[in-house]
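Structural overview
One-letter residues, chain by chain:
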Amino acid sequence: MGYMSTDLTWQTVSTDLSGTMRLAEQVGRRLKGGEVIELVSDLGGGKTTFVRGLAKGMGSYDKVASPSFTISREYKAGNKTMYHFDFYRLQDPGLVANELAEVAADPQAVVVVEWADIVESVLPAQHLTVRIKSTGEDSREFSFTYPPVLSYLIAE
Ligand code: ADP
Ligand code: MG
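Residues numbered from 1 in each chain as written. Chains lettered and ligands numbered in written order. Predicted model: local features only at pLDDT ≥ 70, side-chain atom pairs only at ≥ 80, totals over all residues. Heavy atoms only, no water.

**Some points on helix 3 (residues 95-104)**
Keep this limit in mind: Buried residues are those whose accessible area, probed at 1.4 Å on protein chains only, stays under 20% of the maximum for their type, while exposed residues exceed 50% and partly exposed ones sit between those limits. Elements are defined by DSSP. Helices are runs of H or I of four residues or more, strands are runs of E of two residues or more, and each kind is numbered from the N terminus. The arc in question is formed by the directions pointing from the helix axis toward the C-beta atoms. For this analysis, residues touch if any pair of their heavy atoms sits within 4.5 Å.
Val96, Ala97, Leu100, Val103 and Ala104 are the residues of helix 3 that are buried. Looking straight down helix 3, one finds its buried side chains confined to an arc of 130°; they lie on one side. Set apart from the buried face of helix 3 by more than 90 degrees, the exposed residues are Leu95 and Glu102. Summarising the contacts, the buried residues of helix 3 are in contact with strand 2 (36-40), strand 4 (80-86) and strand 5 (109-114).

Here it is, written out as structure tokens:
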């Protein structure tokens, strides 16, 4: 059975790298575990940078980098774990889609996904989507789309 809800949106801008880090850390501090976040932008838009801020805000000291093909990275934060997937240019997610579905159901896990198009069917319906648009070398427009149940993540 599906769910009935109207997704909410919130938009903001970042004028430089540190602005994006601040924004992502703010969301990261609000993560409880059990959330799934999809990041959408062109290459170089700032998805991985945003994940770096999320992990930091969540309390992780682990190094955040782009996962290589089919491989997810894990960042520890206390008793929680952030799983970072990147499906860039991947034709077939194979078993990684199963891994994603599994960790997405773990209440101690936070799942963040770059280039999620090929795994859209395994993403839980209720997730946060962060769209980033480059509007200049250092400026970015952010658009957050989320169901009301995830409103606690958004700091207006
Ligand atoms: P993606 O994962 O979307 O390909 P990255 O986060 O790897 O993007 O790269 C973003 C690049 O843009 C980095 O080199 C970063 O320093 C640069 N950048 C410049 N301004 C910003 C900003 N406001 N927010 C995020 N990244 C920025
Ligand atoms: Mg990236």
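**As for the coordination of the magnesium ion (ligand 2)**
The test is simple: Donor atoms are limited to N, O and S found within 2.8 Å of the metal ion, a distance that becomes 3.2 Å for Na, K and Ca. With water left out, some sites might look partial.
Coordination of the magnesium ion (ligand 2) by the protein involves Thr48 (OG1) and Glu114 (OE), with metal-donor separations of 2.1 to 2.2 Å. Placement of threonine 48 in helix 2 (residues 47-58) and of glutamate 114 in strand 5 is noted, with a sequence separation of 66 residues between them. For glutamate 114, a relative accessible area of 3% translates into the label buried.

**With respect to the sheet that holds strand 4**
To keep things clear, this is the line we draw: A pair of strands is treated as paired once DSSP finds two or more bridges between them. Where helices are involved, their axes are fitted lines through C-alpha atoms of the stretch in contact, as for all axes, and angles between N-to-C directions lie from 0 to 180°.
Taking strand neighbours across the sheet as the criterion, the seven strands line up as 1-7-6-2-5-4-3 in an open arrangement whose pairing is mixed. Each edge of the open sheet is held by one strand with a lone partner, namely strand 1 (8-14) and strand 3 (73-77). Averaged over all neighbouring strand pairs, the angle between strand axes comes to 20°, with direction disregarded. For strand 3 and strand 4, the ladder comprises five bridges, and the chain directions are antiparallel. Across the sheet, residue lysine 76 finds its bridge partner in strand 4, namely threonine 81.

**Some details on the environment of histidine 127**
Positionally, histidine 127 belongs in the loop between strand 5 and strand 6 (128-134). Look at histidine 127 and you get buried, because its relative accessible area is 11%. C-alpha of histidine 127 to C-alpha of aspartate 7: the two residues are 120 residues apart in sequence and 9.8 Å apart in space. Apart from residues lying up to four places away in sequence, histidine 127 is in contact with Val36, Glu38, Glu120, Thr145, Tyr146, Pro147 and Leu150.

By themselves, these observations are geometric and do not establish any function.
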